[in-house]
Amino acid sequence: MSEFLQFLFSGLTVGAVYAMVALGFTIIYNASEVINFAQGEFVMIGGMSSVFLLSAGVPLPLAMLAAVVIAVGIGLALHALAIEPARGASVVTLIIITIGASILLRGLAQVVFDRQFHSLPAFSGDVPITIAGAALLPQTLWVLGGALVIVLALGWFFTRTLTGKAVMATAHNRLAAQLVGVNVRFVLMLSFGLSAGIGAIAGVLVTPITLTSYDVGTMLALKGFAAAILGGLGSAAGAVLGGLLVGIAEAMGAGYVSSEYKDAIAFVIILLVLFFLPRGLLGGKAAERV
Amino acid sequence: MLLQTRGLTSHYGRIQALKGVDIAVGEGELVALVGANGAGKTTLLRTLSGVQPASGGSVAYSGADITASAPYRRVALGIAQVPEGRQVFGPMSVEDNLRLGAYRRRGDDAEGALEAQFARFPVLKQRRAQAAGTLSGGEQQMLAMGRALMARPRLLLLDEPSMGLAPKIAEQILDIVCGLRADGMTVFLVEQNAFAALSIADRGYVLETGRVVLEGAGRDLLADEQVQQAYLGV
């Protein structure tokens, strides 16, 4: 039992990070049908920027805040310099552009930062809390709490503010959104900024547990993508559910089967979902009369 | 003239859908555009609202050249389009659909505008919390019109508002269009039901393969032999 609980805690922690990456995918996908494969790099930029700002003498909270701002800036630059000039190109072309951007960002990170693994100090110490024989790191609570706050904030933004509703409207019907006066370029820019910010927050929160390095983004993007597919591409609730499920499946697989196969589990999930449940768990369309 | 196009052309790839269209709509007028399927009626409306780029010619609105303006700027200037097929935001509530119509009017009296639409379309008030996609075709058409009116436009572009509706509902929709005109709204109406459109219009244009082939007062066009043969099935 305590073993199961232990695996569950670790699964929820990484799952929350996958969920945040999957949310980033979802936001940009809804605005443009583009899968932004540079999503994992935002997580890396969040973690690495905090580490280097901290070592440059910036206090931790300020370093974390600055790291998120830097990531948002890079997200906006990615939109302005790579996506916007290719406006009108096919979705596949745009996806390839994001893959190129991800390689570029990884390369730049090697030069600007370095090729080592880095960590951040845990926000509230390293003394584990014991629950039914399983150890829970306080940082795990930060990760889960951070993910929860992001989910609630996004829920509020998309259902309670006119700008958020305009983003949703653009996802539902781009033409009609343009006709009521929504600037769809602004919506896409906003989506890139928002996704970058969420990724960076995930990176900042999880670095004390999982460490970070210039190339952690690739694997995070693939697993976040698996989570988004499992939950149903385009559904924010699905992204969160998918992220947690992928994380838990991975932790259980690593614990009960073999940690050798840990990274394979996400890909097995992608294949199974595409074979048997191509719309994902929550991807079904709402009732609509035509 | 509130709206005037000169030599307007538009292409879908290599296919030219508009081949030099000259139309004018005066303040307070109800102008109908009729023509067969594929004549370019929808393309013309899309070019007027800016979601389809013009490849040549010009669009002037209230004296200013808006040929290259983005769609959202045209909405802010007072041009609202009710698109073909209604295009409501299906999963969102009726009220949210309407509020989004006032997206370029933030800070203005959104509540007042909302109440005005509920007064014009009482059925929308009954259904305000319901998902727009679950409304009937006629109700969706009313919602699409209400949404466009939320922007308080000076010029309303209506694309096939009676399409796919039962005759009785279609008549009701056209009555609403007459009501808007009576309130002083400028309306540019695209219809396949040429008889209905020309009977309520001040003036009309007949579009054929991307060109205006006839224009005149609504009544004169109704009496025109060519129009009768081609579009009225007389």
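Notes on the structure in this doc start here. For clarity, every value in this text was computed on a predicted model and none was experimentally measured. (Residues numbered from 1 in each chain as written. Chains lettered and ligands numbered in written order. Predicted model: local features only at pLDDT ≥ 70, side-chain atom pairs only at ≥ 80, totals over all residues. Heavy atoms only, no water.)

## A word on the nonpolar core
Of all hydrophobic cores here, the largest spans 81 residues; its most connected members are Phe25(A) and Phe89(B). For this core, the element with the most residues is helix α1 (residues 2-32) of chain A, which contributes eleven residues. Counting 48 residues, the second-largest nonpolar core is a separate cluster that includes Val88(B), Met142(B), Ala197(B) and Leu222(B). (Core = buried A, V, L, I, M, F, W, Y, C linked by side-chain atoms within 4.5 Å. Buried < 20%, exposed > 50% of the residue type's maximum accessible area, 1.4 Å probe, protein only. Helix = DSSP H or I, 4+ residues; strand = E, 2+ residues; numbered from the N terminus.)

## Remarks on the layout of surface pockets
All names here are of chain A. The volume enclosed by the second largest pocket comes to roughly 680 Å³. Around the second largest pocket sit 30 residues that line it, and Val14, Tyr18, Thr210, Leu220 and Lys262 are the ones nearest its centre. Elements with a contribution of two residues or more to the lining of the second largest pocket: α1, β2 (134-136), α8 (184-210), α9 (216-231), α10 (236-257) and α11 (262-276). Looking at the lining of the second largest pocket, the element that brings in the most residues is α1, giving seven residues. When grouped by side-chain class, the residues that make up the lining of the second largest pocket number 16 nonpolar, nine polar and five charged. (1 Å grid on protein atoms, 1.4 Å probe; cavity = no way out; pocket = protein on both sides within 12 Å on 5 of 7 lines; lining within 4 Å. Points joined across faces, edges and corners; volume = space filled by probe spheres on them. Nonpolar A, V, L, I, M, F, W, Y, C, P; charged D, E, K, R; others polar.)

## Some points on the pattern of salt bridges
As a working rule, side chains carrying opposite charge can pair if their charged atoms are close by. A full pass over the atoms with the stated rule returns 18 salt bridges over all chains. Two residues, Glu95(B) and Arg128(B), come together in a salt bridge whose shortest N-O distance is 3.0 Å. In this pair, Glu95(B) sits in helix α3 (residues 94-101) while Arg128(B) sits in the loop between α5 (122-126) and α6 (137-149), placing the two residues 33 residues apart along the sequence. With its nearest N and O atoms 3.0 Å apart, the salt bridge here joins Glu111(B) to Arg99(B). On the criterion of sequence distance, the pair formed by Glu111(B) in helix α4 (residues 110-120) and Arg99(B) in helix α3 is long-range, its members being twelve residues apart. Judged by relative accessible area, Glu111(B) falls into the partly exposed class, the value being 46%. Here the residues in one salt-bridge network are Lys223(A), Glu250(A), Lys262(A) and Asp263(A), joined through shared partners. (Salt bridge = Lys/Arg side-chain N within 4 Å of Asp/Glu carboxyl O.)

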